[in-house]
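# Analysis of the macromolecular model
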Amino acid sequence: KAFQKQGVSVAVKKVLGKKGQKKAARYWKTVGLGFATPKEAKDGSYVDHKCPFTGNVNIRGAILKGMVVSTKMKRTIIIRRNY
């Protein structure tokens, strides 16, 4: 697994660029819920299977708005919310 690349999907397989030049199309999706897909997800070259825009992960649970106060705990943040 030294060099990772996105898997080829039938829906995404197409030819881009100048005539005779083939460039692999990049898979990305809109996740909805008011989130815009970043340009890095559309045009970038990173591979992350746990990314909701380019990978196989769904956004679920509660979506909170607020300011992050602390990130000292492992995999946990403290958010200050305005009610």
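Located above this text is the structure these notes cover.
Residues numbered from 1 in each chain as written. Predicted model: local features only at pLDDT ≥ 70, side-chain atom pairs only at ≥ 80, totals over all residues. Heavy atoms only, no water.

Right, let's talk about a nonpolar patch on the surface for a bit. Together, Leu33, Phe35, Ile59 and Ile63 line one region of the surface with nonpolar side chains, adding up to about 370 Å² of accessible area. Among the secondary structure elements, Ile63 is positioned in the loop between helix 1 (39–43) and strand 1 (67–70). (Patch = residues over 30% accessible without salt bridge, like charges linked within 9 Å, V, L, I, M, F, W, Y side chains within 5 Å. Areas by Shrake-Rupley, 256 points an atom, 1.4 Å probe, with all protein chains shown as cover. Salt bridge = Lys/Arg side-chain N within 4 Å of Asp/Glu carboxyl O. Helix = DSSP H or I, 4+ residues; strand = E, 2+ residues; numbered from the N terminus.)

Moving on, we get to the side chain of Thr37. Relative to the helices and strands, Thr37 is located in the segment before helix 1. Reaching out from Thr37, the side chain makes a polar contact with the backbone oxygen of Lys29 at a distance of 3.3 Å. When sequence neighbours within four positions are dropped, the list of residues in contact with Thr37 reads Trp28, Lys29, Thr30, Lys42 and Phe53. (Polar contact = N/O pair within 3.5 Å; in protein donor to acceptor, adjacent residues only side chain to side chain. Contact = heavy atoms within 4.5 Å.)

For the rest of this paragraph, the subject is the packing of aromatic side chains. Inspection of every chain in the model, using the stated rule, returns zero aromatic pairs. Its end group placed over the ring of Tyr46, Arg26 keeps NZ or CZ at 5.0 Å from the ring centre. (Phe/Tyr/Trp six-rings, centres within 6.5 Å; stacked < 30°, edge-to-face > 60°. Lys NZ or Arg CZ within 6 Å of the ring centre and 35° of its normal.)

A positive phi angle, near 60 degrees, is found at Leu33, a position not held by glycine. Relative to the helices and strands, Leu33 is located in the segment before helix 1. A positive phi is found at Arg75, a non-glycine position, where the angle reads about 60 degrees. In this structure, Arg75 sits in the loop between strand 1 and strand 2 (78–80). Assessed through its relative accessible area of 83%, Arg75 is described here as exposed. (Buried < 20%, exposed > 50% of the residue type's maximum accessible area, 1.4 Å probe, protein only.)

Our focus in this paragraph is the environment of Asn82. Its place among the elements puts Asn82 in the segment after strand 2. For the pair formed by Asn82 and Met67, sequence separation is 15 residues and the distance between their alpha carbons is 8.9 Å.

This next bit is on the environment of Ile78. By secondary structure assignment, the location of Ile78 is in strand 2. The exposure class assigned to Ile78 is partly exposed, which follows from its relative accessible area of 40%. Along the chain, Ile78 and Val68 lie 10 residues apart, while their C-alpha atoms are 5.9 Å from each other. Here Ile78 is in contact with Met67, Val68, Val69, Ser70 and Met73, once residues within four sequence places are set aside.

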